[in-house]
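If you want the building blocks of each chain, they are given just below.
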Amino acid sequence: MSEQSPEFRGLHVAAFESRRADEMARMIEKHGGVPHVSPSLRETPLEDQRSAIDFAHRLITGEVDIAVFLTGGGFRELLAIVQRHVDRQRYLDALSDIITIARGPKPAAAMKEVGLTPTFRVPEPNTWRQVLQTIDESVPVANQVVALQEYGKTNPSLIAGLEARGASVLRVQVYRWDLPEDMGPLTQNVRDLADGRLDVLLFTSAHQVVNLLRVAADLGLAARVRQRLAETVVASVGPTTSEALRDHDLPVDIQPEHPKLGSLVMAAAANCHRFLASKQRISAVLSASLPPPPDPQAPWYDSSFLRACRREPVEYTPVWLMRQAGRYMAEYREVRAKTSFLQLCKSPSLCSEVMCTAVARLGVDAAIIFSDLLPILEPMGVDLEFAQGEGPVIHNPVREAADVDRVRELESVDALDFVMETVRQTRRDLPAQIPLIGFAGAPFTLASYAIEGGSSRNYLHTKTLMYRDGGAWRELMQRLARAITRYLNAQIAAGAQCVQLFDSWAGCLGPDDYRSYVLPYVQQIIAGITPGVPVINFATGNPALVPLLAEGGSSVVGVDWRLRLDEAWRIIGPDRAIQGNLDPTILLAGPAEIRRRVQEILDQAAHRPGHIFNLGHGILQQTPVENAIALVDAVHELSRR
C-alpha cells in the first residue's frame, strides 16, 4: 500500500485485538486516531484433550511422519497438555526426529523456546496456501501421516489439500475460540458501528470477524452492521483474515504488505481517507436504485453514435473501433512500458489519457473506457493475475460445484471504484459531444475465465460444469448477472452514455446450449440496465447465435464478420440497431482494399437508420495506425449523404 500521509486525522478507529489491545490503542493514537479497542475473543482450552494426548503417544511410537504447527500459542498449549501425560523430553526428542513445519515466525519462535528448530518455515503471507506450497516444493506427503495442530477452527481447505496429495491427516485440536469474558467493549463497538460512529475498522485475526457478526446478531443489529461495514473502511492484517472477511461477504479495503500490527495501523492511516472518499462518492451515486435517465439537453445526446443507437437518421454512419486504444499505437506502448496492465487498468488518469489520445488520433465518433473484462472478478473472490506474456491467469479456478460457494456476491462496487473514476475522468477529458461507452464481460465469458483459469481452446472445464451440475451453473451465472448489472449501472451513474456486453467466448456454444445456459442471464442483465441507456450485445465466433443475441433485448446487436451485415440485420429484425462488421485483418491490407471493404458493408447497410460501423472484433496489434485512420475517414466520407 502507498503511505502518502500516515495519519488518521481524528477519525474514529475500532480494533478487535485481544492480546495486544493496549499496544494497538497506543499505535492508533500515535497516528492521530481516536481508538476504540475491544478485545473480541479468547482462547479456551478444550475440555476433551484426547486428540492432543493421542498425538503425543503416536509421535513417540513412530506413527507420525510430519507435524505442522499453525500457531505459536497452539504449540505452547499442546506442550502444556502433553507433558502432563508423557515425558516432556521424550516428546521433544520425538519431534526433533521427524519433519516439522512452522506456519511463519510465531510457531517457529515457540519451538525455539524449547530448543527445537522447524525443518521448514512457511514464508509470508503464511496462509494455508503457503503451507501447501512449502509441502509441494520440499516435503513429499504421499502415504505419510501428517499431524496438523489446529487453532480455534478447522481449516477444511488445508486438510483437503493435504489429503489430495496423499497424506493421512491427524487433526490435533488444542483450544477453541470463545467470546471475551468482559463483553462491554465489544458490545459498545458493535453499537457504535451500527450507528455510524466509526470510520475505520482494524481486524487482526479471522475469528474476530465471526465474533463481531455473532454479537451483532445477538443484539438484533446484523443488517445495520453489514450496511455500515460497506460504508466504513475495513483493514485486514493479512490474507487469512482477509479471506475470512470475504467469506462472510464483507469488504476488505486495506491489507498491508507484511502481516504485522504496526504495518496494519500505518497502512490504514495512510490510505483510509482515500477509501472513505471513494465510499462516500459511491454511496451518493448509488443512493437511488437506478441512475437518472439520459439528459436530452446534453451535448452528446444528439451525436451520430447515439442517434444511430436509437435508429434515428444521421448525416453519416458513426464509427468506433473495439480495442481502439491498444498496442498497435506507439502512444499506448509508451505508457504501457512504465506499468503492468493491471496497474494501468487501476490508474484512472492513465486510462483516460490512452483512450482520449486514441479518440483524437483516429477521429472516431465514440469512446469506450479503457479497462478489461476481468477486474470485476477480483472482489468476487477470484485470484487474478495478468502474467507477462501469458495474459490473464486465475489461480483459484472454479471447477466443482463446491467452488461456486466461494464466488462472492458483488454486494457493492466499492472495490471497483477505480473503474468508476476512469469513467468520470474520461468523461471530463473527452470533448463534450463524444459519447462514452462503458462495458462488462457477459456472464458466459466471465464464467469461462473463472472456470478455465485463463484462455481455452475447447472450454472443457466450463462445459463439464455446465452439463454436469445445472444447479451450480445457475447459481454461478445468477451471481455474475447480478454483479454485471450493478457494475454497468454504476458506470452509467458515473458518466457512461452507453454500455456494451462482450461475450467473446460464447461462440463455442451451439444455439440450443446458448438458449438454455446463457440467454436467460443476458436478458436479466439487459432488463436491469438504466432505462433509456443503449445496450450493445456483442458476441463473436458463431453466426448461428445472432438471432439469440437479438432476443437478449438490447437496443443494438453487435455482429462479427462471419455473417454479411445485410443478412445479420434481416435475422435481427428492423427494431434493432446493428453494429459491425469488418474483419480486423482487413486493416493489414492497403488503403484501397480497406476503402473497398468499407463500401461493401455500407452498401449492405443501405442507409438504413441504426448502423454503427465497427470491426467484428478488436484491432490487431500488428495494425498500422494509418490504416485505422484510413478506415474511419472512409466510413465518414463514403456514408455521408
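Quantities reported herein were computed from a predicted structural model and do not represent experimental measurements.

Peer 1: What exactly am I supposed to notice about the overall build of the chain here?
Peer 2: A count of helices and strands for the chain gives 27 helices and 20 strands. For the chain, the spread of C-alpha atoms along the principal axes amounts to about 95 × 55 × 45 Å. The burial tally for the chain puts 55% of its 641 residues in the buried class. On the chain, roughly 26500 Å² of surface is accessible, and the fraction owed to carbon and sulfur atoms is 48%. Positive and negative charge centroids in the chain, built from 66 and 75 side chains respectively, lie 1 Å apart.

Peer 1: Explanation requested: the environment of Val 200 in the structure shown.
Peer 2: Summarising the element assignment, Val 200 is placed in strand E10 (residues 200-203). Residue class for Val 200 comes out buried when judged on its relative accessible area of 0%.

Peer 1: Explanation requested: the pattern of salt bridges in the structure shown.
Peer 2: A side chain with one charge can pair with a side chain of the opposite charge if their charged atoms come near. Summed over the entire model, instances satisfying the criterion amount to 34 salt bridges. Note that Asp 192 and Arg 197 form a salt bridge whose closest N and O atoms lie 2.7 Å from each other. Using a relative accessible area of 7% as the deciding quantity, one classes Asp 192 as buried. A salt bridge links Glu 475 to Arg 479, with the shortest nitrogen-to-oxygen separation between them at 2.6 Å. Taken together, the residues Glu 475 and Arg 479, both in helix H21 (residues 470-494) and 4 residues apart, mark about one turn of the helix. Using a relative accessible area of 27% as the deciding quantity, one classes Glu 475 as partly exposed. Residues joined in a network through salt bridges with shared partners are Asp 192, Asp 195, Arg 197 and Arg 224.

Peer 1: Sorry, what's going on with the sheet that holds strand E20 (residues 611-615) here?
Peer 2: Strand-to-strand pairing in sheets goes through backbone hydrogen bonds, with the strands running parallel or antiparallel. If you trace the 7 strands from one edge of the open sheet to the other, you get E12-E15-E16-E17-E18-E19-E20, paired in parallel fashion. Strands with a single pairing partner mark the edges of an open sheet, and in this sheet they are strand E12 (367-368) and E20. Looking at chain direction, strand E15 (residues 436-441) and strand E16 (residues 498-503) are connected through 5 bridges and run parallel. Pairing of Ile 437 across the sheet is with Cys 498, part of E16. In the packing of H21 onto the sheet, the strands contacted are E15 and E16, and the crossing angle to E15 comes to about 165°. Each of strand E19 (577-582) and E20 is contacted by helix H26 (residues 591-605), which is oriented at about 150° to E20, the strand it contacts most.

Peer 1: What exactly am I supposed to notice about the side chain of Asp 583 here?
Peer 2: Inspection of the secondary structure assignment puts Asp 583 in the loop between E19 and H26. No salt bridge is formed by the buried Asp 583, whose closest oppositely charged neighbour, Arg 597, lies at an N-O distance of 6.3 Å. A distance of 2.9 Å separates a polar atom in the side chain of Asp 583 from a polar atom in the side chain of Thr 585.

Peer 1: What's the story with the sheet that holds strand E5 (residues 99-102) in this structure? I'm lost.
Peer 2: If you walk across this open sheet you meet the 5 strands as E6-E5-E4-E7-E8, and the pairing is parallel. Because the sheet does not close on itself, it has two edges, and the strands there are strand E6 (120-121) and strand E8 (168-172). With 5 bridges connecting them, strand E7 (residues 145-149) and E8 associate as parallel partners. Residue pairing in the sheet places Leu 148 in a bridge with Arg 171 of E8. Packing against the sheet, helix H2 (residues 50-60) makes contact with E7 and E8, and its axis sits at approximately 130° to E8.

Peer 1: So what exactly am I meant to see when it comes to the packing of aromatic side chains here?
Peer 2: One pass over the full model with this rule turns up 12 aromatic pairs. Each ring, one from Phe 439 and one from Phe 502, has its centre 5.4 Å from the other, and the planes form 80°; the classification is edge-to-face. Taken together, the positions of Phe 439 in strand E15 and Phe 502 in strand E16 put the pair 63 residues apart, joining distant regions of the chain. The rings of Tyr 332, Phe 341 and Phe 370 are connected pair by pair, giving a single aromatic cluster. Between the NZ or CZ atom of Arg 562 and the centre of the ring of Trp 561, over which it lies, the distance is 4.2 Å. Positioned above the aromatic ring of Trp 569 is the side chain of Arg 608, whose terminal nitrogen or guanidinium carbon lies 4.0 Å from the ring centre.

Peer 1: Where do I start with unusual backbone geometry in this structure?
Peer 2: What you tend to see is this: most non-glycine residues have negative phi, and most peptide bonds are trans. The linkage connecting Gly 580 with the following residue, Asn 581, adopts the cis geometry, with an omega of 0°. Position of Asn 581 among the secondary structure elements: in strand E19. With phi around 60°, Arg 311 is a residue other than glycine that occupies positive phi space. Relative to the elements of secondary structure, Arg 311 occurs in the loop between helix H13 (304-309) and helix H14 (330-336). Within the chain, His 607 stands out as a residue other than glycine whose phi angle is a positive 60°. Summarising the element assignment, His 607 is placed in the loop between H26 and E20.

Peer 1: Could you clarify how one ought to interpret the environment of Ile 451 in this entry?
Peer 2: Position of Ile 451 among the secondary structure elements: in helix H19 (residues 443-452). With 53 residues separating them along the chain, Ile 451 and Val 398 place their C-alpha atoms 4.5 Å apart. Setting aside its immediate chain neighbours within four residues, Ile 451 contacts Pro 397, Val 398, Arg 399, His 461, Thr 462, Leu 465, Trp 473 and Leu 476.

Peer 1: Where do I start with the pairing of E5 in this structure?
Peer 2: Side chains on a regular strand alternate between the two faces of the sheet. Bridge count between strand E4 (residues 66-69) and E5: 4 bridges; the pairing is parallel. Bridge pairing links Val 68 to Ile 101 in E5.

Peer 1: Please clarify how the nonpolar core should be interpreted in this entry.
Peer 2: As a rule of thumb, soluble globular proteins bury nonpolar side chains together. Within the largest apolar cluster, 134 residues are counted, with the highest numbers of intra-cluster contacts made by Phe 305, Tyr 514 and Leu 631. Per-element tally for this core: the top contributor is H21, with 13 residues. For Tyr 514, the contacting residues outside a window of four places in its chain are Asp 503, Ala 506, Leu 509, Leu 519, Val 522, Leu 545, Leu 548 and Leu 549. If you look at the next biggest cluster of nonpolar residues, it comprises 50 residues, including Ala 67, Leu 92, Ile 98 and Val 131.

Peer 1: Just to check I follow, could you spell out helix H16 (residues 348-362) for this structure?
Peer 2: Since one α-helical turn is 3.6 residues long, residues separated by three or four positions face the same way. In a regular helix each residue adds 1.5 Å, so 15 residues correspond to 21 Å; H16 covers 21 Å between its end C-alpha atoms and thus fits that length. All of the buried residues in H16 are Pro 348, Cys 351, Ser 352, Val 354, Met 355, Cys 356, Ala 358, Val 359 and Leu 362. Elements in contact with the buried residues of H16: H14, helix H15 (341-345), E12, helix H18 (417-429) and helix H27 (625-639). The first or second residue beyond H16 is Gly 363, which carries a positive phi of 80°.

The rules behind the values
Residues numbered from 1 in each chain as written. Predicted model: local features only at pLDDT ≥ 70, side-chain atom pairs only at ≥ 80, totals over all residues. Heavy atoms only, no water. Helix = DSSP H or I, 4+ residues; strand = E, 2+ residues; numbered from the N terminus. Buried < 20%, exposed > 50% of the residue type's maximum accessible area, 1.4 Å probe, protein only. Areas by Shrake-Rupley, 256 points an atom, 1.4 Å probe, with all protein chains shown as cover. Lys, Arg positive; Asp, Glu negative; His and termini not counted. Charge placed at Lys NZ, Arg CZ, Asp CG, Glu CD. Salt bridge = Lys/Arg side-chain N within 4 Å of Asp/Glu carboxyl O. Pairing = 2+ DSSP bridges. Contact = heavy atoms within 4.5 Å. Axes fitted to C-alpha atoms, helices over the stretch in contact; angles between N-to-C directions. Polar contact = N/O pair within 3.5 Å; in protein donor to acceptor, adjacent residues only side chain to side chain. Phe/Tyr/Trp six-rings, centres within 6.5 Å; stacked < 30°, edge-to-face > 60°. Lys NZ or Arg CZ within 6 Å of the ring centre and 35° of its normal. Core = buried A, V, L, I, M, F, W, Y, C linked by side-chain atoms within 4.5 Å. Expected span 1.5 Å × (residues − 1).

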